[in-house]
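Below, each chain spelled out in residue letters.
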Amino acid sequence: MDLLRSHLHKVRIPEPTNRIHKDECCVSFDTPRSDGGLYVDMSSFLGFGREHVEWNFEKTGNPVYLHIVQRRKPEPDEADRPLKKPTLLAIGVEGGFDDREPEYDVAYEIIILPDFISLPFPSVDLPEKVRLAVDKVILAESADRKQQLAAWVADKKNISAYAMDLQQLDNGVTVPPTGWKCSKCDKTENLWLNLTDGMILCGRKLWDGSGGNNHAIEHYEQTKYPLAVKLGTITADLEAADVFSYPEDDSVEDPLLAQHLSHFGIDFSSLQKTEMTTAERELDANTNYDWNRIQESGKDAELLFGPGYTGLANLGNSCYMASIMQVMFSTHPFILRYFEKQSLKAAFATAPADPTLDVNMQMTKLGHGLLSGKYSAPTKEGQEGIRPRMFKSVIAANHSEFSSMRQQDALDFFLHLIDRVEQANPGNHELNPCSGFKFIIEERVQCPSGKVSYNKRSDYILSLSIPLHEATNKEQLEAFNEKKAAMDLDGKELSNEEIVRPRVPLEACLASFSGPEEIPDFYSTALNSKTTATKTAGFNTFPDYLVLHMRKFVMEAGWVPKKLDVYIDVPDTIDISHMRSKGVQLGEELLPEGASGDNKAEPGPVASEDIVSQLASMGFNYLHCQKAAINTSNTGVEEAMNWLLSHMDDPDINDPISKDSRASEQSVDEASVQTLISFGFPEDVAIKALKASGGNIEKATDWIFSNPEASSSASADSSTSNVNADDAIPDGSGRYKLMAFVSHMGTSTHCGHYVAHVLKDGRWAIFNDSKVAASVDLPKDMGYLYFFQRISD
């Protein structure tokens, strides 16, 4: 006790805004349920496993920790109870999915390092400051839980239209701090306080019979008093309280909640949270699904365990992230950077004060979690897998979509991951594992004059259209279509076994990329007029790892997205050496850089063909794509798409492009420019950011921080090259072997499910969230992203 008292200055009492990591170690995937439990630093509130807590003591000198150990309660009938297959798509009801979490006993003690001296908790002998600090840590929402809720409730609650002028009756009602009960029944949980008359009534009856008896909503229907707050969710943090508006039929924000509560004598600052909010209940219900049981594969696959065979538990629509990370940590650059050449201790030593916010620390943590084999152990269901919540939080920071719990496009996440990893390793090619994916494409444009221009751009993926007319099973397709038409007339449906899908060779998709493509409205500086030019493309360099994206998602008439129901015949090895570009050839004459000297016509604004072609491949109108690129100063595909989506209804969207229209559309407010300059940004960068952000200062600021290269790059209007001469871009043979692919099931990239297949130790393995197994029937022809590794010369 004397030793503890001597360290009291190192103990902090957490504030409501502190992030408390009591669910998981910040440098490993140890939890309170792991051997050794979890140690929470009572100064920084970071959690550490038994193997890692001493590192923190060495780094910070913080000696006092709360040790949390959870042990699963035994279930006597567990072994004898048969596992019933669900017959209903429902949770927690007879015939539905079992949502019961195992129960755990929790034990606490105070530990003083470096000698791991143990003091019991709770204990009246402990100093009051320690008792208060530990109580607050135990009662607080963990940082992990807060992050889940923030992601689940992605859209901020709207302020209720009834809050500011809410009627409150002077009926003498005073609500006690405890002992609540429904005024019309015996319910003591799920109680709602009507903020007009102070009535305490139970909530809605849920589909499984739980919840309340509908008395709160019946009271609204009788009185039309609009707002109610859920008792048990009111704490000093009023923003977290659950307020519901019956006429708006939604959870809402009440800016005057403190005033409305005090009307009934409620001192919110002294109340403790005792019930889950509606969002928390919804979160729990949706993340307790066992997605692997929902997917009946019908294959008796051998489950795999050990180093490199660790599953990633689904955090709620996180399969897009899991599939990409399993592939990335099967490549040599990522294995070397974050596992073989980077220890957890070294990563922690160089991490900032809060390692949960450091990309390199969390990448190293994930790498060791997946590759060490420590967390890949058999359970009754297969394996639990690791939950990469800290990784998801840091990699998706400030990204509105990836930080949500909505399904995302695996391709978008792959490109976002590369951006974040490169930002975390600026200018250091040796520490950047993404350089092996980078390559240069050279585009050749020839106008009718015979003169040519060359443009180089770097990329990380090769996006391929799928030429359905190149299908190798055309006869079977014709017979199938005739049969389907006849059955449609008879009102009959085909079975899955009868469906015939086009089979397109990968070679045809590659040929569609390198083949000639017409460019309408191309301004020729040789002819001083617009014309139709021809573009071809090839590889200037071949990457160590080649990622092929199959454009299975296309736009139909009316901007309706459609997924192509097609098989791609992909060989185990490919040779694309013939796709290497040749550069300027002997006898070729380059297009002049500017207009001819007679000044009869001046070149209009030039759109980046790279941006235009990528947008056009998504199904957008070519002219619209050109306008989008021009009006965002060729800053990037994402900026151009945002502009395009917000200007599609412009009355002049189909008008021809002219230099005058650009000058008027691209003018920016001088006051906004000066505001950004006052923030310390260069004038040219400020102008570029405002153009890319529609003149919005806040968005322009975000754009600058999201595009750090903008301050040092040349004018983005140039269409000659976006390749940095200092980039370390690999090159070598054009021969590759297939090492992984990511498949998608569903009608859209924003719904459905992603699964990864990886070639490991000479055999294919399937990574389906937390399930890892040997592949029985490899669906190689159903891939969405294909990953090829160069075959050494």
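Preceding block: the structure.
Now for a description of the structure that goes with this document. Because the structure is a prediction, the values reported are computed rather than measured.

So, on to the overall build of the protein chain. Of the regular secondary structure elements, the protein chain holds 23 helices and 26 strands. Counting all 793 residues of the protein chain, 47% fall into the buried class. A separation of at least 24 residues holds for 69% of the contacts in the protein chain among residues at least 6 apart in sequence. A total of about 39,000 Å² of accessible surface is found on the protein chain, and carbon and sulfur atoms cover 50% of it.

Taken in spatial order, the five strands line up as β2-β1-β3-β4-β5 in an open sheet, and their pairing is antiparallel. With one partner strand each, in any of the chains shown, β2 (47–49) and β5 (117–121) form the two edges of the open sheet. Strand-to-strand twist across the sheet, computed as the mean angle between neighbouring axes with direction ignored, equals 35 degrees. Here strand β3 (residues 64–72) runs beside strand β4 (residues 104–112); their pairing, made up of nine bridges, is antiparallel. Bridging from a neighbouring strand, V64 pairs with I112 of β4. Packing of helix α3 (residues 128–139) onto the sheet brings it into contact with β3, β4 and β5, and relative to β5 it is tilted by some 75 degrees.

Bringing helix α19 (residues 637–647) into the picture now. Residues of α19 that are buried: V637, E639, A640, W643 and L644. For α19, the angular spread of the buried residues around the axis is 165 degrees, confining them to a single face. Facing away from the buried side of α19 by more than 90 degrees, the exposed set consists of E638 and S646.

What follows covers the pairing of strand β16 (residues 529–539). When strand β11 (residues 439–446) meets β16, the two strands line up antiparallel, connected through six bridges. By the bridge assignment, I441 is partnered in β16 with F539. Between the antiparallel neighbours strand β15 (residues 517–524) and β16 lie four residues, among them N528 with a positive phi of about 55 degrees.

The next point concerns the packing of helix α12 (residues 359–371) against helix α14 (residues 410–424). Contact geometry of α12 with α14 gives a least axis separation of 9 Å together with a crossing angle of 120 degrees. Relative to α14, α12 is oriented oblique. Between α12, through V359, N360 and M363, and α14, the contact on the second element is made entirely by L417, R420, V421 and A424.

Attention shifts here to the packing of helix α18 (residues 622–631) against α19. Orientation of α18 relative to α19, taken along the N-to-C sense of each, is 120 degrees, at an axis distance of 8 Å. Seen along the crossing, α18 lies across α19 with a hand that is right-handed. Where α18 approaches α19, its residues H624, K627, A628, A629 and N631 are matched on the opposing element by A640, W643 and L644. Looking at side-chain class alone, the contact of α18 with α19 contains five nonpolar, two polar and one charged residues.

Turning to the side chain of D409, a few remarks are in order. Within the element layout of this structure, D409 appears in the loop between α13 (389–395) and α14. A relative accessible area of 8% places D409 in the buried class. In terms of polar contacts, D409 uses its side chain to reach the side chain of Y784, at 2.9 Å.

We now examine the sheet that holds strand β7 (residues 200–202). Taking strand neighbours across the sheet as the criterion, the five strands line up as β7-β6-β8-β9-β10 in an open arrangement whose pairing is antiparallel. The open sheet terminates on both sides in strands that have one partner only, identified here as β7 and β10 (250–252). Averaged over all pairs of adjacent strands, the angle between their axes in this sheet comes to 40 degrees, without regard to strand direction. Where strand β8 (residues 227–230) lies against strand β9 (residues 243–245), three bridges are found, and the strand directions are antiparallel. Along β9, the bridge assignment pairs A228 with F244. Of the strands in this sheet, β6 (191–194) and β7 are in contact with helix α5 (residues 215–223), which crosses β7 at around 120 degrees.

Below, the discussion takes up the packing of aromatic side chains. Here the structure, examined in full by the defined rule, presents 20 aromatic pairs. Centre to centre, the rings of F334 and F437 are 6.5 Å apart; their planes meet at 75 degrees, and the pair counts as edge-to-face. Taken together, the positions of F334 in helix α10 (residues 332–340) and F437 in the loop between α14 and β11 put the pair 103 residues apart, joining distant regions of the chain. Taking relative accessible area as the criterion, F334 reaches 0% and is therefore assigned buried. Ring centres 5.9 Å apart and planes at 85 degrees place the aromatic pair F414 and F787 in the edge-to-face group. In this pair, F414 sits in helix α14 while F787 sits in strand β26 (residues 783–790), placing the two residues 373 residues apart along the sequence.

Definitions and limits used
- Residues numbered from 1 in each chain as written.
- Predicted model: local features only at pLDDT ≥ 70, side-chain atom pairs only at ≥ 80, totals over all residues.
- Heavy atoms only, no water.
- Helix = DSSP H or I, 4+ residues; strand = E, 2+ residues; numbered from the N terminus.
- Buried < 20%, exposed > 50% of the residue type's maximum accessible area, 1.4 Å probe, protein only.
- Contact = heavy atoms within 4.5 Å.
- Areas by Shrake-Rupley, 256 points an atom, 1.4 Å probe, with all protein chains shown as cover.
- Pairing = 2+ DSSP bridges.
- Axes fitted to C-alpha atoms, helices over the stretch in contact; angles between N-to-C directions.
- Arc of directions from axis to C-beta.
- Parallel < 35°, antiparallel > 145°, perpendicular 65-115°, else oblique.
- Left-handed = near helix turned anticlockwise from the far one by under 90°.
- Nonpolar A, V, L, I, M, F, W, Y, C, P; charged D, E, K, R; others polar.
- Polar contact = N/O pair within 3.5 Å; in protein donor to acceptor, adjacent residues only side chain to side chain.
- Phe/Tyr/Trp six-rings, centres within 6.5 Å; stacked < 30°, edge-to-face > 60°.

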